[in-house]
Structures are given as structure tokens and as C-alpha cells.
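The chain contents come next:
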Amino acid sequence: MDKISQEIRELAKAKDAVILAHYYVDGAVQDVADYVGDSFYLAKVAKKDPHKTIVFCGVTFMGQSANILSPDKTVLMPDLNAVCPMALMVDANKIKEMRDEYDDLAVVCYINSMAEIKALSDVCVTSSNALKIVRSLPNKNIFFIPDGNLGRFVKEQCPEKNVILNEGYCHVHTSITANDVEKAFREHENAQILVHPECTQEVCDLADFTGSTKEIIEYAEASSADEFIVCTEKGVLHELIKRAPSKKFYFVGAKQTCPNMKKITLEKVRDCLLNGTGSISVSDSVRLDADKPLERMLELGSVKEPVLV
Ligand code: 13P
Ligand code: SF4
């Protein structure tokens, strides 16, 4: 372990802090973390972990969710400017309009959203549990926010529901084009195509497997195939190489990195632990309403509980 990582581990111990990292942050940051995972896994850890402080290496909506689920803990973000643009792509007025139009409406809110929007929603979802949760709802009419692509993926798989889409999108996943993927496949004909549901319909249509970041990693590890074209953020490569060192992974196009996730550096992790900076918290009035859809997600979406170390 290098000097700064060692310093971070010592500070975390001294400050009773746990470090959580999303698969999209730099490999060196993933390596210093206690838990690395996708959005759903990290939300569950944030709820259950007993440490006094959570350092969340990810984008701000993740830190907000940790604070909502665990209001007694201090949540520190190494960089408060690491925001997910998609989290802002939904309008509170639109939610009101939809509620006025449909009596039987469930507002299903992707966790990539700000706390104020969660507070207006019926249930939160992540890419690994959205299908399961939408299917389990009694409502016929579903307003799926903010991601139009994950919403479309859910709509296709749940023809029994009327899923109304919003126009939000992830600029990283939608930068992957079907042409890029087809070109990569011509070069690697034995490869399986793994796609995150934030990708466009054209890219999802080419997939051998579609799933969340964690599901993509688990699929590649368990598969009998040796080569994969990976259509998600490049940070997953760090874990893919650890889990399946003999397999080959190809990324397509030039824009498969999330600039906001990459704002998190080891220096910023150290500094927030050292100085207690980057604290994120949600006002009580918003938090109490935003907690309900998040708790409902944990209840409806849980398959396996995380094993705490
Ligand atoms: P998951 O962590 O659910 O795969 O979501 C991907 C993502 O874009 C997080 O910002
Ligand atoms: Fe947001 Fe996309 Fe970056 Fe995830 S990868 S944080 S959805 S911009």
C-alpha cells in the first residue's frame, strides 16, 4: 500500500470512519475503500454499517442518500462538486402534473436524483432492482424519473404497466453508440456484449446481458466466455481484472469515463478525513419525506444483505 493510502487507512481508523466507493471512481480510490459496489449495494451498506462517519467516494446524490438513510452519521464527500448531471434532469412541476392526470400513479425515482425529488416520489430504485420493484407495485401507471433509458428498459420488460418516461439521460452511457459496439464486435467476434441499462435502446438491443454495474461484473466473472465488450463506465475494469484476470475486456468509443466520478482522488479522500470537510446533509423536512421511498426500495429490492466486515 502506498504512503497516502496508508495515511487514509490510519485516519479512517482514528476517526471511526468507513470508506465506501462506487465502481466508477479511480482504481486507487477503490483499493483504499472498505466497501466497493454499485449504487444499491452501497446504499445498503450506508444504512447498516455501524461507523460514526461515512466517507462516500462517489457523486453527491449517493452521499445524500447515505445521510437520509443514516441521519445520525456524518457523511463526508471528498469533492462536493462531483455531481451527477442526470440527477438534475427532472422537474418537480412535471411530477405534480402527472399526479393530477393519473389517480393511480406511482412515481418511481431512480436513485440518481436529488433528495428534493426523492421526497416527492413513491419509491426509489437502482439499475439492479428497478424491474423487480416496478413489477411488485400494485399501480398500473408508473412515472419513471429521471432516466429515460432505464425507464424504457423497464417499460419493455413490464408490458403489463403503463410506464411514462422522462427525458433525463446519462451523458456517459449514451455516448456509447451502436456503431461503436458493432465495430468492436467485428473485431472480437467471440466476445459477449455487456450493457448497462442507462445505454440507448440501440445499444441495449445488441446486448447478450443487460444489468447494473455489479451485475455486469458478476456476469463476466461467472460466464464461460473469455472476451467481453463492456458498455458502461470504464472504472469497472479495475474490479473485472481482479475477478477475472485471464479474461479480456474491450471498451468502445472514447467517452466511457464519468468526469464527476473521476473528481474523487486519494488526496481529497485524505483531506476530508483529516479536516472533516465535505460534510453533506439534507434538511430534516426533505429528509423525512425522502427516507420513505428509499426505505421502500430497501424493503422491495433486497435480494441479499451485504456482509459487513
Ligand atoms: P449502478 O451503480 O446502479 O450500476 O448505476 C450506475 C451509475 O451510473 C451510477 O451513477
Ligand atoms: Fe451520473 Fe452517468 Fe456519471 Fe453515473 S456515470 S454519475 S449516471 S453521469
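Here, the structure is the one placed above.
If you're wondering where the values come from, they're calculated on a predicted model, not measured in any experiment.

Novice: Explain unusual backbone geometry to me, please; I cannot follow it from the model alone.
Specialist: With glycine set apart, most residues show a phi of negative sign, and most peptide bonds adopt trans. I145 connects to P146 through a cis peptide bond whose omega is -20 degrees. Tracing the sequence through the fold places P146 in the loop between strand 7 (141-145) and helix 8 (148-157). In this model, D16 sits at a positive phi of 55 degrees, which is unusual for a non-glycine residue. Secondary-structure assignment places D16 in the loop between helix 1 (3-14) and strand 1 (17-22).

Novice: Would you take a moment to explain the sheet that holds strand 5 (residues 105-110) for this structure?
Specialist: Two modes of strand pairing occur in sheets, parallel and antiparallel, and in both the strands are linked by backbone hydrogen bonds. Pairing is parallel across the open sheet formed by four strands, whose spatial order is 6-5-7-8. Strands at the two margins of the open sheet, each flanked by one partner only, are strand 6 (123-125) and strand 8 (162-165). Along the sheet, successive strands turn relative to each other by an average axial angle of 30 degrees, direction set aside. When strand 7 meets strand 8, the two strands line up parallel, connected through four bridges. Bridge pairing in strand 8 places I142 opposite V163.

Novice: What's the story with the packing of helix 11 (residues 213-222) against helix 12 (residues 236-243) in this structure? I'm lost.
Specialist: For any two helices packed against each other, one specifies the inter-axial angle together with the distance between the axes. Contact geometry of helix 11 with helix 12 gives a least axis separation of 10 Å together with a crossing angle of 25 degrees. Accordingly, the angle class assigned to the pair helix 11 and helix 12 is roughly parallel. For helix 11 against helix 12, the interelement crossing comes out right-handed. Where helix 11 approaches helix 12, its residues T213, I217, E218, A220 and E221 are matched on the opposing element by V236, E239, L240 and R243. Among the residues forming the contact of helix 11 with helix 12, the class breakdown is four nonpolar, one polar and four charged.

Novice: Got a minute to help me understand the site of ligand 1 in this structure?
Specialist: Every one of the 13 residues lining ligand 1 counts as a neighbour, but H22, S39, S127, H196 and T213 are closest to it. For ligand 1, an oxygen atom lies 3.5 Å from a polar atom in the side chain of Y110. Contacts to ligand 1 include H196, whose side-chain N or O atom sits 2.9 Å from an oxygen atom. Contact with the protein chains hides 97% of the accessible area of ligand 1, taken as 300 Å² for the molecule alone. In the shell around ligand 1, the residues fall into four nonpolar, seven polar and two charged.

Novice: Please clarify how the sheet that holds strand 4 (residues 74-76) should be interpreted in this entry.
Specialist: Strand order across the open sheet formed by four strands is 2-1-3-4, with parallel pairing between neighbours. Each end of this open sheet is capped by a strand with a single partner; those strands are strand 2 (35-37) and strand 4. If you compare each strand with its neighbour and ignore which way they point, the axes differ by 20 degrees on average. In terms of strand pairing, strand 1 meets strand 2 through three bridges, oriented parallel.

Conventions adopted
Residues numbered from 1 in each chain as written. Chains lettered and ligands numbered in written order. Predicted model: local features only at pLDDT ≥ 70, side-chain atom pairs only at ≥ 80, totals over all residues. Heavy atoms only, no water. Helix = DSSP H or I, 4+ residues; strand = E, 2+ residues; numbered from the N terminus. Pairing = 2+ DSSP bridges. Axes fitted to C-alpha atoms, helices over the stretch in contact; angles between N-to-C directions. Parallel < 35°, antiparallel > 145°, perpendicular 65-115°, else oblique. Left-handed = near helix turned anticlockwise from the far one by under 90°. Contact = heavy atoms within 4.5 Å. Nonpolar A, V, L, I, M, F, W, Y, C, P; charged D, E, K, R; others polar. Near = heavy atom within 4 Å. Polar contact = N/O pair within 3.5 Å; in protein donor to acceptor, adjacent residues only side chain to side chain. Areas by Shrake-Rupley, 256 points an atom, 1.4 Å probe, with all protein chains shown as cover.

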